[in-house]
Amino acid sequence: MLRAFEKGADGVSIIGCMEGDCHYKTGNLRARKRVEQVQKILNTIGLEGERAQMYNLSSSDGPLFVKYAQEMDERIRNLGPNPMKKKKKNAA
Amino acid sequence: MIVADKKPVEEIIEYVKDCKKLLVLGCNECVTVCEAGGKKEAGVLASALRMYFANRGVEDALVDERTLERQCDHEYLEEIRDIADNYDAIVSIACGVGVQFTAEKYHSIPVYPGVNTCFLGATEQRGLWTERCQACGQCILAYTGGICPVARCAKRLLNGPCGGSSNGKCEINKELDCAWQLIIDRLKAIDRMDLYEKLFGIKDWSTDRAGGPRKVQREDVQI
């Protein structure tokens, strides 16, 4: 996740299965913890933690996926581009 | 194993904010198991520091990451001999032993700790580590059913329990097992309550930290 932000991603959505439905039992719960960890780190280093978001969906939840994608799109547009992108451009 | 906990990123940033070339040095042993200072954590910390510097506009900042098999052995620490001089500072996320050994070996490079070293303990479950040994230098586990009153009794009592033991719990914390209750239960289970009848004499604490920094010297394995 951090690598994606380092490379300039404006936002990262992590989408896991519904809680309780993970093929690996607790993989999606662990993923949520990691997202929380990344949010904390981003806030600490001066980026907005909300650029990383965890969602839970089942494979048949098309409309909900669209809703989450739109929600994420709106969030990111409000925040503006990842500052890393600009720094990278300057460095180049 | 040695159990450590990650330092907050803010604290590490405070150490290194004026550096431009950094090496985050992980350790493949105990701190990997307790998820505080292994290869994965080195990657996360290095990435966070790179973004911190970039966000501050320090464009020529360099943050590399490397994880050694151990930081408490000469041979592994020698692996960074050729590259160490490239850096203004090293953030070691090994235990306190690793940090110090790295600092001793690379005398002119500042070495900062990236974890808080906590105790010698066991993994009870993922994300939960508890203390088991205080390295007192004179093990008495043979007489206490394999449960250490030095490490696990709040008062380090050798002839317990004390009056603060209630329903098997310690008075300092209702969730903490009374070590002496555990010892008695265990001695009963192995049919060795005769050991409980014997009084412990005064323990020689000179082998503990009270006797100053310690060393183990083994002539049988020294060349």
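Bear in mind that the values here come from a model prediction, so they are computed numbers and not experimental data.

When its secondary structure is counted, chain B shows 8 helices and 9 strands. The globule rule puts the C-alpha radius of gyration for 223 residues at 17 Å, and the 22 Å found for chain B is more than 25% above it. By its C-alpha atoms, chain B is 70 × 45 × 25 Å across when sized along the principal axes. Taken over 223 residues, chain B has a buried fraction of 38%. When contacts within chain B are restricted to residue pairs at least 6 apart in sequence, long-range pairs at least 24 apart make up 59% of them. Total accessible area on chain B stands at roughly 12700 Å², and carbon and sulfur atoms take up 50% of it.

A few words on the side chain of Lys105(B). All names here are of chain B. For Lys-105, the position within the fold is in helix H5 (residues 96-105). The exposure class assigned to Lys-105 is buried, which follows from its relative accessible area of 18%. Not counting residues within four places of it along the chain, the set of residues in contact with Lys-105 comprises His-74, Leu-77, Glu-78 and Arg-81.

When cut into domains, chain B gives domain 1 (2-119) and domain 2 (136-211). Relative to domain 2 of chain B, the C-alpha centre of domain 1 of chain B lies at a distance of 38 Å.

A separate point is the sheet that holds strand S6 (residues 115-125) of chain B. Residue and element names in this part refer to chain B. Strand order in the open sheet made by the 3 strands is S1-S6-S7, with antiparallel pairing throughout. If you trace the sheet from one side to the other, it starts and ends with strand S1 (2-6) and strand S7 (128-133), each paired once. Mean inter-strand twist for the sheet, computed between neighbouring axes without regard to direction, equals 75°.

We now examine the sheet that holds strand S4 (residues 89-92) of chain B. Residues and elements named next belong to chain B. The sheet built from 4 strands is open, its strands ordered S3-S2-S4-S5 with parallel pairing. Of all strands in the sheet, those with a lone pairing partner are strand S3 (62-68) and strand S5 (111-113), marking the two edges. The average angle at which neighbouring strand axes cross in this sheet is 25°, direction not considered. Two elements, strand S2 (residues 21-27) and S4, share 4 bridges in a ladder whose sense is parallel.

Cut-off values and rules
- Residues numbered from 1 in each chain as written.
- Chains lettered and ligands numbered in written order.
- Predicted model: local features only at pLDDT ≥ 70, side-chain atom pairs only at ≥ 80, totals over all residues.
- Heavy atoms only, no water.
- Helix = DSSP H or I, 4+ residues; strand = E, 2+ residues; numbered from the N terminus.
- Rg over C-alpha atoms; globule rule 2.2 N^0.38 Å.
- Buried < 20%, exposed > 50% of the residue type's maximum accessible area, 1.4 Å probe, protein only.
- Contact = heavy atoms within 4.5 Å.
- Areas by Shrake-Rupley, 256 points an atom, 1.4 Å probe, with all protein chains shown as cover.
- Domains from an automatic or database assignment.
- Pairing = 2+ DSSP bridges.
- Axes fitted to C-alpha atoms, helices over the stretch in contact; angles between N-to-C directions.

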